[in-house]
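Letter by letter, the chains look like this.
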Amino acid sequence: MLRFLFRRSLGAIVILLLISAFTFFLFFAAPRDPALLACGRNCGPDALAIIHKNLGLDQPIPVQYWNFMSGIITGRDFAQGPCPAPCFGYSFATGDAVWTTIVDRFPITLSLTIGGAVVFLLVGLSTGMLAAWKQGTVIDKVLSSASLVLSSMQIYFIGPIVLALLVYNTNLLGQPKYVPITEDPAGWFMGLLIPWCVLSIIFTAQYTRMARSAMIEQLQEEHVRTARAKGMSARTVFFRYAWRGSLIPIVTIFGIDLGTLFGGAMITEVTFSLPGLGTLSMQSVLNTDLPTVMGVMLFAAAFIILFNIVVDACYAFIDPRVRLS
C-alpha cells in the first residue's frame, strides 16, 4: 500500500507540473496585457512600466513561471508585501492574496460537490438497484427510461427551469444562497438544496444505469449462484453478495467522475450566482488575472487527484479480492 501511495504521489506531482506549465504559457498567448487591468484606462507608458515591474511581467516567461512555482513552496516578496507559502501571488484585478481568496470561496464549491455527490449516490444507487431487483418489470422500464431522458439534460438548462417553478412562480423554496454551516445548518441546507438537486440530476441518471448493469452482472457471478444453491434467500444473496461486488465499478467511475462533478459544481455556481471557485475562475479568465487562474486551476487539480488516490486506496476495503501493491 505504501509503495502504491508513493507512486501515485509522484504521478500527481508530474500531472500538476504539466497542468501548471500548460496554463501558464497558454495565458501569455492571449493578446491582452494583464498590466492594463491594474493600470486602469488613463494609463501612461511610465505607469505601465512600473506595474510590469511590480507584477514581475518584465521578466522572461520561464523566469516568471519558476518564480510562481517556487513561491508556492517557499513564499515570495511582492510590492504589496511578503507572501508566505503557499503563495499564489496577488490578484491583478483586486490586489488580494489569491490563496486567501481561494480559501474563502472553497467551502461553497466543496459544499456543492459533497452535497450533490450524496444526493446522486443515494438516489442513483437506490433506483439502479431497485431496477435490477425488478428486472423486466414495469418499474425497471420506467426507471431506465427516466434515467435515459434525464442524462441528456444540462445544468444551465435545468437550473433556470427549476428556479422558475420552485422559486419565482410558486415560492415553495427561497432563492439559492450560501450560508456557512457553522452559522446556520438549516440555512446552509435550504440555501443549497436546489443547486444540489440540479447538479445531481445528470449524475443520478447515469448512476442509475450503472448500478442496474453492475448489479445484474453480479447476479450472474459464480459465487452468487453458489449462494443461491446453498438455499440462501434472494434478499440475502442480493444485498450480502451481489450488492458489495457491484460497488467496485461504481467506485471506479465515481473517482473518475469527480473532476466532472467538481466542474459541474462550478457551472452550478454561475447558474445560481453563488460566489464559489467557479464564479471566481470565470471572473479571473475574463479579467486576464493570471495568479487567480493559476491558483484555482492548481487547487482544483490537486483536490481531484487527491480524491482519486483515496478512492483507489479504498478498493481493498470494499472488495477483499482487490489488493494494491
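Computed from a predicted structure; not experimentally measured.

Cut-offs applied
Residues numbered from 1 in each chain as written. Predicted model: local features only at pLDDT ≥ 70, side-chain atom pairs only at ≥ 80, totals over all residues. Heavy atoms only, no water. Helix = DSSP H or I, 4+ residues; strand = E, 2+ residues; numbered from the N terminus. Buried < 20%, exposed > 50% of the residue type's maximum accessible area, 1.4 Å probe, protein only. Contact = heavy atoms within 4.5 Å. pLDDT = per-residue confidence, 0-100. Phe/Tyr/Trp six-rings, centres within 6.5 Å; stacked < 30°, edge-to-face > 60°. Expected span 1.5 Å × (residues − 1). Bend = angle between axes of the 7 residues up to and from the residue. Axes fitted to C-alpha atoms, helices over the stretch in contact; angles between N-to-C directions. Parallel < 35°, antiparallel > 145°, perpendicular 65-115°, else oblique. Left-handed = near helix turned anticlockwise from the far one by under 90°. Nonpolar A, V, L, I, M, F, W, Y, C, P; charged D, E, K, R; others polar. Arc of directions from axis to C-beta. Patch = residues over 30% accessible without salt bridge, like charges linked within 9 Å, V, L, I, M, F, W, Y side chains within 5 Å. Areas by Shrake-Rupley, 256 points an atom, 1.4 Å probe, with all protein chains shown as cover. Salt bridge = Lys/Arg side-chain N within 4 Å of Asp/Glu carboxyl O. Disulfide = S-S within 2.5 Å.

## So, the overall build of the chain
- Of the regular secondary structure elements, the chain holds 13 helices and two strands.
- Taking the principal axes of the C-alpha coordinates as reference, the chain spans close to 85 × 55 × 35 Å.
- Counting across all 325 residues of the chain, residues that qualify as buried make up 42%.
- For the chain, contacts bridging at least 24 residues in sequence account for 68% of all contacts bridging at least 6.

## What to know about the side chain of Gln-64
- Examined against the element boundaries, Gln-64 turns out to sit in helix 4 (residues 61-74).
- According to the relative accessible area criterion, Gln-64 is buried, its value standing at 8%.
- Every residue in contact with Gln-64, bar those within four places of it in the chain, is listed here: Phe-24, Phe-28, Gly-56, Leu-57 and Gln-59.

## Notes on the confidence of the model for the chain
- Residues with a pLDDT of 70 or more make up 93% of the chain, whose mean pLDDT is 82.
- Confidence, read as mean pLDDT per element, is least for helix 13 (residues 315-318) in the chain (60) and greatest for helix 5 (residues 98-133) (89).

## Structural notes on the packing of aromatic side chains
- In this structure the tally under the stated criterion is 14 aromatic pairs.
- One aromatic cluster in this structure is built from Phe-24, Phe-25, Tyr-65, Phe-68, Phe-88, Trp-99, Phe-106, Phe-262, Phe-299 and Phe-303.

## Here we look at the environment of Ala-265
- For Ala-265, the location among the structural elements is in helix 10 (residues 234-272).
- Under the relative-accessibility criterion, Ala-265 is labelled buried at 0%.
- Taking the C-alpha atoms as reference, Ala-265 lies 16 Å from Val-179; in sequence the two are 86 residues apart.

## Structural notes on helix 5
- Along its 36 residues, helix 5 runs 50 Å from first to last C-alpha, staying within 8% of the 52 Å computed at 1.5 Å per residue.
- For helix 5, the principal kink sits at Arg-105 and spans about 35°; a proline, Pro-107, occurs within the next four residues.

## Here's the deal with the packing of helix 6 (residues 138-150) against helix 8 (residues 185-218)
- Taken N-terminus to C-terminus, the directions of helix 6 and helix 8 make an angle of 140°; their axes are 8 Å apart at the nearest point. Considering the angle they form, helix 6 stands oblique to helix 8. The way helix 6 lies across helix 8 gives a crossing that is left-handed. Packed against helix 6, whose contacting residues are Asp-140, Leu-143, Ser-144, Ser-147, Leu-148 and Leu-150, the element helix 8 presents Ile-201, Ile-202, Ala-205, Thr-208, Arg-209 and Arg-212 at the interface.
- Of the residues in the contact of helix 6 with helix 8, the class split is six nonpolar, three polar and three charged.

## With respect to helix 4
- In this model, helix 4 (14 residues) spans 20 Å end to end at C-alpha, consistent with the 20 Å of a helix rising 1.5 Å per residue.
- If you check which residues of helix 4 are buried, you get Gln-64, Tyr-65, Phe-68, Met-69, Gly-71 and Ile-72. The buried residues of helix 4 all sit within an arc of 150° when viewed along its axis, so they share a single face. Pointing more than 90 degrees away from the buried face of helix 4 are the exposed residues Pro-62, Trp-66, Ile-73 and Thr-74.
- Packed against the buried residues of helix 4 are helix 1 (2-27), strand 1 (76-78) and helix 12 (290-313).

## What to know about the side chain of Thr-109
- Take Thr-109: it is sitting in helix 5.
- Owing to a relative accessible area of 0%, Thr-109 belongs among the buried residues under this scheme.
- With near-sequence residues (within four places) excluded, Thr-109 lies in contact with Phe-262, Ala-265, Glu-269, Gly-276, Leu-277 and Gly-278.

## Section: a nonpolar patch on the surface
- A cluster of nonpolar side chains, contributed by Leu-130, Trp-133, Ile-139, Phe-239 and Trp-243, occupies part of the molecular surface with about 450 Å² of accessible area.
- Secondary structure elements with two or more residues in the nonpolar patch: helix 5 and helix 10.
- One can find Trp-243 in helix 10.

## Details of the environment of Met-282
- Here Met-282 is to be found in helix 11 (residues 277-286).
- Spatially, the C-alpha atoms of Met-282 and Ile-73 are 26 Å apart, while their sequence positions differ by 209 residues.

## Considerations on the state of the cysteines
- Applying the stated criterion across every chain yields a total of one disulfide.
- The disulfide partner of Cys-83 is Cys-87, and the S-S distance across this bridge is 2.2 Å. Taking the sign of the S-S torsion, 115° for the link of Cys-83 and Cys-87, the bridge is right-handed.
- Given a relative accessible area of 1%, Cys-87 falls into the buried group.

## Brief notes about the packing of helix 1 against helix 4
- In the contact formed by helix 1 and helix 4, the axes pass within 11 Å of each other and the chain directions differ by 135°. By the angle between their directions, the pair helix 1 and helix 4 is classed as oblique. The chirality of how helix 1 crosses helix 4 is right-handed. Between helix 1 and helix 4, the residues in contact are Leu-17, Ser-20, Ala-21, Phe-24 and Phe-25 and Ile-61, Pro-62, Gln-64, Tyr-65, Phe-68 and Met-69, respectively.
- Residues belonging to the contact of helix 1 with helix 4 are distributed by class as follows: nine nonpolar, two polar and no charged.

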